[in-house]
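# Geometric and topological summary
Now for the letters of each chain:
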Amino acid sequence: MKILYALFAAAFAALAIVPFAAPWLQFVLTIAIAKGFAAVGVALLLRAGLISIGHAMFYAAGAYTAAFIVLRSGISDLFVLLIASTLVTAVIGALVGAYLVRYRAIFFAMLNLAVSMVFFALLSKLYGITGGTDGLRVPVPTVLGMTLTKAGFDIVLFYVALALMAIIAGLGVQFLKSPLGHAVGAIHTNEVRLEYLGVSAWSVLLIAYTISAALAGLGGAIAAVSIGHVLPDYAYWTESGHLVLTAVLGGIGGVAGPFIGSIFLEIVHTVAVGVAHNAWNLIMGATLLLVIFFLPQGLYGLVTKSADKTSSAKLGENKS
Amino acid sequence: MKHIVRTAGTLMASLVLATQAMAQDKPEQIDVGVFTFTSGAPAAYGQPGAQGAELMVDLINAAGGIDGVPLRATIVDEAQGAEGVIAEYRRLAGETSYQVMIAALSSSNCLALAPVAEQMQMPTISWNCDTHQLFLNQQLDYTFRPNGNTIPEFVAYVAYLLQVNPDIERVAIINPDYAFGHDAAEIVKAAFRAFKPDVEIVAELFPSLGASSYQTEVSRLSAARPDAIFSNLWGADLENFVRQAQPRGLLTQSQTVLALGETILQRIDLPDGVIVGMLGDGYWLTPDAQANEDTVAFAEEYATRFGEYPVFPTMKMANSFMVMKAAYEAAIEANDGEWPSRDEIAAALGGIETATFTGTARLREDNDGYVDQVIGVTGPSDTYDFSVITNMVRYDGEALMAPLGEDPIAWIETLTPEFLETLPEPGSYK
């Protein structure tokens, strides 16, 4: 376990020097972390055995909330935007969730998809409010009262995102250990037993759903201020599919999984697009197939497995 | 903490500036990022653009490159979405060998890239996106559009329609269901209100992008019995719509206007008399284009290599390369033969006026372009086995643009029916 933490610390340190070592990667990683938040949300529901093919809706909701606040209210502080977007998305998540968590399996997946596509259609069609398919431009937010250039802001945002990732990961680990965290997993393994224990599956799922929506909203808000433009495409079903894929690819065994998956996918994407503009889809697809075939536990499974191996090897050394 | 953040920010910014301000040596090679769709449905429009870029690079290099330096284009697929496009733009802009970007096809990508271009101080030539929102209410110093925009484009179609058919009263609109289609519908309606206020819009349909069936729309349009149908459908959507509308007689029942119809002339047999055109003047068979040896050679070489004559997205891309080349040359000259920096190229692009394959591109103070608008009707060709555009008119780009700083839609409303008399007659462009 210690090796695992050391590994994460090393990875974290590696990420922290990116703005200086590879400036072009900074934007890619900011987006990867933003999508990672949404993927963690999806992974949380996956632990309960529920696939949401509609979580891009909350990602977009967070992004548009941030855009609306800057454009309409004149409040432009980064931290206010992130907190407000997360809260607004949590409320939307609770409202939508109250209805959706009554369903299981394919019905849950399809209803999420349906609601998210309604949301997508609204973003595209309410031309006067949302700017239609051209979207809305998001001006550079201020940070604690300071007005920064876009370049300076991007660096601040990157470290804020990185810090948030660490905080969320820490909270996530605690959550999974908590009774509520175990209850979420129990819905997947034996929902009837959970009810017999006196725990309401509906409430557990609603809380999980609200948290997952809030996480996606936070990711969306980060993406909105990083990209500087919000588009209805954020809510499109392929984005939702992408989030599920990210979660599964990274592995839902731990909170780090979706972040690993997201960073991995974004980097593969960037490399693929740079290598072959005509075949990047093919490269992405082939990579996904390889991971799914050979790493059924996701990339996180690979990390924990190698960490286990190293520690058991060391254990062996000590014994001899 | 504040101080640390601020100092770090300033430090980074000054580092970036310092690397850019360094004297530029003549490079081994000029890199240019070209953003277009090479996958997905919009590739029907984006791929001819990419092919045009490929051919242009070869032609420019065969003629000795730019000041002796060969050119290399890096094509970036816009189908990956705004984040991917921005990530790739940033990556390329981080390399010093890239001094100009030619981006983008989609309006939403142009709008998303504009602030990035400002931030990275990267001269960016918009090769296709034509939303009038791009330069509205904001000063862009690094985005240049030596191409047309929606205002002159769609006002011109209404003008042409009323010039050939002054008596029309009932008009239907069928446009794609996204910003481009809705913007065009607003502009067309505003132009009718200005030029012929008694025209009634009898149907306004917005089929979704990438729709496969247009039977419902065709039925609606037939039932509405419009005198004229306006459409700015494009790419595969346009081809689908026309293939389904033609057997049901829609294109002959009403005077049809296909604003982006030039792209399908080589693929579909349109009936004679359909008003077709392109965005801007990028038709390889206009008198001006045919009088230019280079354009004819380009079109023939394109046909040999890709099996089809160029369509207007190809010409727009080729013209954007010509503008870039002209800007490089102007910047080198202004720099006494020394290799220019990005800022010097941006300075050269400001207010540039240069001949293109199909006319002239001229930028005004806000970096938006004056490009003439060519429109005509389909007719048989003596030379080719597909329909060509006949009875052409070439409207002056400046005459159809809202004056600098004015709201374009409000400007259209100020026009009067007399404005039509100041325009050249259909068929006058021979």
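Residues numbered from 1 in each chain as written. Chains lettered and ligands numbered in written order. Predicted model: local features only at pLDDT ≥ 70, side-chain atom pairs only at ≥ 80, totals over all residues. Heavy atoms only, no water.

Take empty space enclosed by the protein next. Residues and elements named next belong to chain B. Overall, the coordinates contain three cavities of 30 Å³ or more when judged by the stated rule. Put simply, the largest cavity is a space of about 90 Å³. The wall of the largest cavity is formed by 15 residues, among which P146, N147, D281, N319 and V371 lie closest to the centre. Those elements that provide at least two residues to the lining of the largest cavity are helix 12 (312–334) and strand 12 (360–363). With four residues, the single largest contributor to the lining of the largest cavity is helix 12. A breakdown of the residues in the lining of the largest cavity according to their chemical character gives five nonpolar, eight polar and two charged. (1 Å grid on protein atoms, 1.4 Å probe; cavity = no way out; pocket = protein on both sides within 12 Å on 5 of 7 lines; lining within 4 Å. Points joined across faces, edges and corners; volume = space filled by probe spheres on them. Helix = DSSP H or I, 4+ residues; strand = E, 2+ residues; numbered from the N terminus. Nonpolar A, V, L, I, M, F, W, Y, C, P; charged D, E, K, R; others polar.)

Another aspect to go through is the sheet that holds strand 1 (residues 30–36) of chain B. All names here are of chain B. Taken in spatial order, the five strands of this open sheet run 2-1-3-4-5, and their pairing is parallel. The sheet is open, and its two borders are formed by strand 2 (71–77) and strand 5 (143–144), each paired with just one other strand. Bridge count between strand 1 and strand 2: seven bridges; the pairing is parallel. For F35, the partnering residue across the bridge sits in strand 2 and is V76. Strands strand 1, strand 2, strand 3 (98–102) and strand 4 (124–125) of the sheet are contacted by helix 12, whose axis makes an angle of about 150° with strand 3. Across the sheet, helix 13 (residues 342–349) lies against strand 3, strand 4 and strand 5, angled at about 40° from strand 3, the strand it touches most. (Pairing = 2+ DSSP bridges. Contact = heavy atoms within 4.5 Å. Axes fitted to C-alpha atoms, helices over the stretch in contact; angles between N-to-C directions.)

All names here are of chain B. Spatial ordering of the open sheet is given by 7-6-8-9-10-14-15, a layout of seven strands whose pairing is mixed. Either end of the sheet is taken by a strand with one partner, and the two such strands are strand 7 (200–205) and strand 15 (388–395). Recorded for the sheet is a direction-independent mean angle of 20° between the axes of neighbouring strands.

Now for a nonpolar patch on the surface. Residue and element names in this part refer to chain A. Together, F79, I83, L87 and L144 give the surface a local cluster of nonpolar side chains, amounting to about 390 Å² of exposed area. Mapping I83 onto the fold places it in helix 5 (residues 78–100). With relative accessibility at 52%, the residue I83 sits in the exposed group. (Patch = residues over 30% accessible without salt bridge, like charges linked within 9 Å, V, L, I, M, F, W, Y side chains within 5 Å. Areas by Shrake-Rupley, 256 points an atom, 1.4 Å probe, with all protein chains shown as cover. Salt bridge = Lys/Arg side-chain N within 4 Å of Asp/Glu carboxyl O. Buried < 20%, exposed > 50% of the residue type's maximum accessible area, 1.4 Å probe, protein only.)

Quick look at the packing of aromatic side chains now. Residue and element names in this part refer to chain A. Enumeration according to the criterion identifies 28 aromatic pairs over all chains in this entry. Plain terms: the ring middles of Y59 and Y234 are 6.0 Å apart, the flat faces sit at 45° to each other, and that makes the pair tilted. With Y59 in helix 4 (residues 56–73) and Y234 in the loop between strand 2 (229–230) and helix 11 (237–250), this pair connects stretches of sequence that are 175 residues apart. With respect to class, Y59 is no different from Y234; both count as buried. Relative to F68, the ring of Y64 lies with its centre 6.1 Å away and its plane at 50°, an arrangement referred to as tilted. Within this pair, Y64 and its partner F68 are both found in helix 4, separated by four residues, close to a single helical turn. (Phe/Tyr/Trp six-rings, centres within 6.5 Å; stacked < 30°, edge-to-face > 60°.)

Taken as a whole, chain B shows an average pLDDT of 89; of its residues, 94% reach a score of 70 or greater. In this model, residues 11–23 of chain B is a region of pLDDT below 50 whose contacts with residues beyond four sequence positions or in other chains number eight contacts. (pLDDT = per-residue confidence, 0-100.)

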